[in-house]
Amino acid sequence: MGPVQSRHPGAVCVYFLCVLLPVIFGIDPLTAGTGLLSGALLLWLLAGHFPGKEYLGYLGIVLFSGVINPMFNHNGETPLFFLNSNPVTREALLYGWVMGMLIAAALIWSRCFLLMMDTDRLLTVMSRLSPKVSLILSMALRYVPLLRRQARMAREAQAGLGLIREENGLDRMKGAVRIFDGMVTWGLENGITLADSMTARGYGMGKRTRYVLYPWEGQDTLLTAGSLGMMLIILGAKWMGWIGYSWYPRLVTPAFRLPGIAAYLLFVALCLAAPALELWDRARWKRLISQV
Amino acid sequence: MPILDVQNLSFTYAGVARPTLREVSLCLQPGDFAILTGETGCGKTTLLRLLKRELAPQGTQEGAILFQGQSLATLSSRESAARIGFVFQRPEEQIVTDRVWHELAFGLENLGIPEKEMRRRVAEVAQFFGLEDSFDRHPDQLSGGKKQLMNLAAVTAMEPELLILDEPTARLDPIAARNFLSAVERLNRETGMTILMAEHRLEDSLSRANQLILMDKGRITAAGEPRQVCAAIPQGSALEGALPAATRIWRGLGAAGECPLNTGEGRAWISKWLPKHGEASERQKLEEQKNAKAPPVPALSFHQVSFRFSREGQDVLRSLEFDLLPGEIFGILGGNGSGKSTLLRAAAGLIKPYSGRIRFFGKEQKEYRHGTLRHEGVAMMPQDVQTLFLRPSVREELKDSGLRAEELPFDIHHLLDQHPYDLSGGEQQLVGLAKVLAVKPRLLLLDEPTGGLDASWRGKIQEVLRGLRQEGMTILMVTHDAEFAAETADRCGLLFRGRLEAVDEPHAFFARGSYYTTPVSRLAPGCVTVAEAVQTLKREAGQ
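Conventions and cut-offs
Residues numbered from 1 in each chain as written. Chains lettered and ligands numbered in written order. Predicted model: local features only at pLDDT ≥ 70, side-chain atom pairs only at ≥ 80, totals over all residues. Pairing = 2+ DSSP bridges. Helix = DSSP H or I, 4+ residues; strand = E, 2+ residues; numbered from the N terminus. Axes fitted to C-alpha atoms, helices over the stretch in contact; angles between N-to-C directions. Contact = placed C-beta atoms within 7 Å. Domains from an automatic or database assignment. Nonpolar A, V, L, I, M, F, W, Y, C, P; charged D, E, K, R; others polar. Parallel < 35°, antiparallel > 145°, perpendicular 65-115°, else oblique. Left-handed = near helix turned anticlockwise from the far one by under 90°. pLDDT = per-residue confidence, 0-100.

**Focus: the sheet that holds strand S8 (residues 194–198) of chain B**
Residues and elements named next belong to chain B. Judged by pairing direction, the sheet is mixed, and its six strands sit side by side in the order S6-S7-S8-S3-S9-S10 without closing on themselves. Each end of this open sheet is capped by a strand with a single partner; those strands are strand S6 (84–87) and strand S10 (219–224). Mean inter-strand twist for the sheet, computed between neighbouring axes without regard to direction, equals 15°. Across the sheet, helix H1 (residues 44–51) is in contact with strand S3 (33–37), S6, strand S7 (162–166), S8 and strand S9 (211–216); its angle to S7 comes to roughly 150°.

**Digging into the domain arrangement of chain B**
Residue and element names in this part refer to chain B. Taken domain by domain, chain B holds domain 1 (4–94 + 159–239), domain 2 (244–279 + 505–543) and domain 3 (300–501). Computed from C-alpha coordinates alone, the two centres of domain 1 and domain 3 are separated by 33 Å. Between domain 1 and domain 3, the residue contacts involve ten residues of the former and twelve residues of the latter. Partitioned by chemical class, the residues of the side of domain 1 that touches domain 3 number four nonpolar, three polar and three charged.

**Section: the sheet that holds strand S19 (residues 491–496) of chain B**
Strand pairing in a sheet takes place through backbone hydrogen bonds and is either antiparallel or parallel in direction. Residue and element names in this part refer to chain B. Here six strands make up an open sheet; going across it, the order is S16-S17-S18-S13-S19-S20 and the pairing mixed. The open sheet is flanked by strand S16 (378–381) and strand S20 (499–504), the only strands paired with a single partner. For this sheet, the mean angle separating the axes of adjacent strands, direction not counted, is 20°. As judged from the five bridges shared by strand S17 (residues 443–447) and strand S18 (residues 474–478), these two strands associate in the parallel manner. Among the inter-strand pairings, Leu-443 is bridged to a residue of S18, identified as Thr-474.

**What about the packing of helix H14 (residues 394–401) of chain B against helix H15 (residues 425–437) of chain B?**
Residue and element names in this part refer to chain B. Two numbers describe how H14 lies on H15: the axes approach to 9 Å, and their chain directions differ by 15°. On the basis of their axis angle, the class for H14 and H15 is roughly parallel. For H14 against H15, the interelement crossing comes out right-handed. Residues Val-394, Glu-397, Leu-398 and Ser-401 of H14 pack against Val-431, Ala-434 and Lys-435 of H15. Its residues assigned to classes, the contact of H14 with H15 shows four nonpolar, one polar and two charged.

**Focus on the confidence of the model for chain B**
Residue and element names in this part refer to chain B. Residues of chain B with pLDDT of at least 70 account for 94%, and the chain-wide mean is 87. Looking across chain B, the model is least confident in helix H11 (residues 280–283), with a mean pLDDT of 41, and most confident in S8, with 97. Within the model, the stretch residues 277–292 combines pLDDT values under 50 with 14 contacts to residues more than four positions away or in other chains. Note on the complex model: pTM 0.82, ipTM 0.78.

Put into structure tokens, the structure is as follows:
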């Protein structure tokens, strides 16, 4: 388990949000590019091998968006050429590419997020929001494989008697209907015993507490506060107009004064925090093992 | 003050004329370990459910149930949930959540226990029951025995003062059952928790308890210290079959001296009882029965059969070789994961081995066209017989199979209007068997035919199987019920890691084994039934 993954799932969620929000809410080649590259690095580290195929997919999204946007969006005042008597503008072309980078960055970070969070971790976060929903989810997650297993057993029971024939589609359908019948009966029975088991263990007595698999630690506070703080500064800088691009009718780049540059650098640091922690952790283990 | 005091409790189910419980009285002191036993349908489960208010069935109730001197009805719902714990028979049905840790914490969450306290208690029970390794896993990945241990741990995490268990080992294999019982015993010895457990397998449990309560037709017929109760059971009573083999032999030999409750005590008692201490193995000279005739065409033959679930996996069946003769009952024994069920599924044609040949009545499996194998008369009864049931009543189940109740070699008329799921385990087994017989098999494959059944039901199933054999049916059963196999089968085989390591006629099979054998055979080598053991020992004693 990596150093980010072993943090509290809530803190991990906050960190990912803090990276994603500035990427999404500013159509900005610098944040989108930083997000895309750092995300690609993180994905490589988490996947454990060079994810060439996935990279190609994300590259495809960038190129596709770059082609599609200028074809349908004719804003912008610098026409490059005319297509069906509509202008294809430089602004729309660049905007399309940046948009593609933004989408690819959002996807790549979401992919990393899913690699880090299993159901247990997601449920921990969910149960903070609503303990009831998290219990229902936990029960549902158990029920799906249970149903599948029961269906397989019911099918084998019937097949073992030769009562299911699979020579043609109609027979197959009849067989499926039989099994479905049996599953309904089983489900109802099982529901009653399950309800018994729940009340016997005091379910529905009022206020529930919850067992937390991942306790909150000091480092989680540090991670959360750090990411939130950095994100607020970046969004603030955008609000103040220190950073940010404007696309139509004419491309306006930011002025790149000190506060703006600092805000961009801060975002680079935020994005690289996760991959850097992963790399540092790996180096530490290598060192520790070589010392044994 | 007794922890549980039941006074003249009578109970009648709503809509039923006859009472299920009649004037039941029983009293448990703190720290007691009581076993409640009786035939299936005698009212054990009803009684236990009445003692746990949340599970009490609908009906009219007379008499009083006092929990620590206080009427059960006046307990607050919180006290009732926390102070009385309940473990059900089927391990799967009481699992609520999708992780072991969540299951352990579920009851505590419901009670609103603060997080710090909850963490301590979950950690404690996980360690006490050896569940640390499974803590993060899905309950469905655990074996039946581990699941039931988890259920026990989940209930004891709530720190109940009285723990009620309803035949908790009925669905477990013998080793898992013993393991579970020692966990319960440890709970009783080390924490002083009061235990009330319904059981019909007294072989491994009785010597751990300090109270034995007998029930018959809704009444308590005897209660007290196990040795005294065992001595007092009348000869020929249906309950006799449930007693440990050592106790039954002791009763058969005149019930002199201290009553033994397990095999160890039984051996000690026999060695005192026998005037001369003959060496066990020399007592019985087993005669090898050589069959000079040419062997008939086997009903089922496995030749070099190997099977595995995936290419990377290990072989579950390894070059398995065996012949099943027509008209015999063959019992395959073996521990969990030895490949018993896989062997049966291969025989039923549900899975295809990657090498080797399986022949039915001399013809190869491939020669039967798809689906026609079953018409040639091979039928399998699954371990979980409930999976066979698809209809809301037994009558419709039979109609669905195109069968009339009169055609069956046993009587199920009285069950016709019931829902198959409402039947007892034994009754379900009979209805399942009826459905299987409806396809008129020549070769019957049975997966754990006695799982969860009490002694008298096992007797009934045995009778039915013998009757079917008389009619010329060949029966292959896999079971971990060594006693049932010993008494029913014509030959037994021990399956270990996908190979049959020993095949023999039951007397020889169980006389050779010293670990994988029946309690009777341990006490009187070469004997399979209690009656045989009693006779042999009497003969040796020169009586």
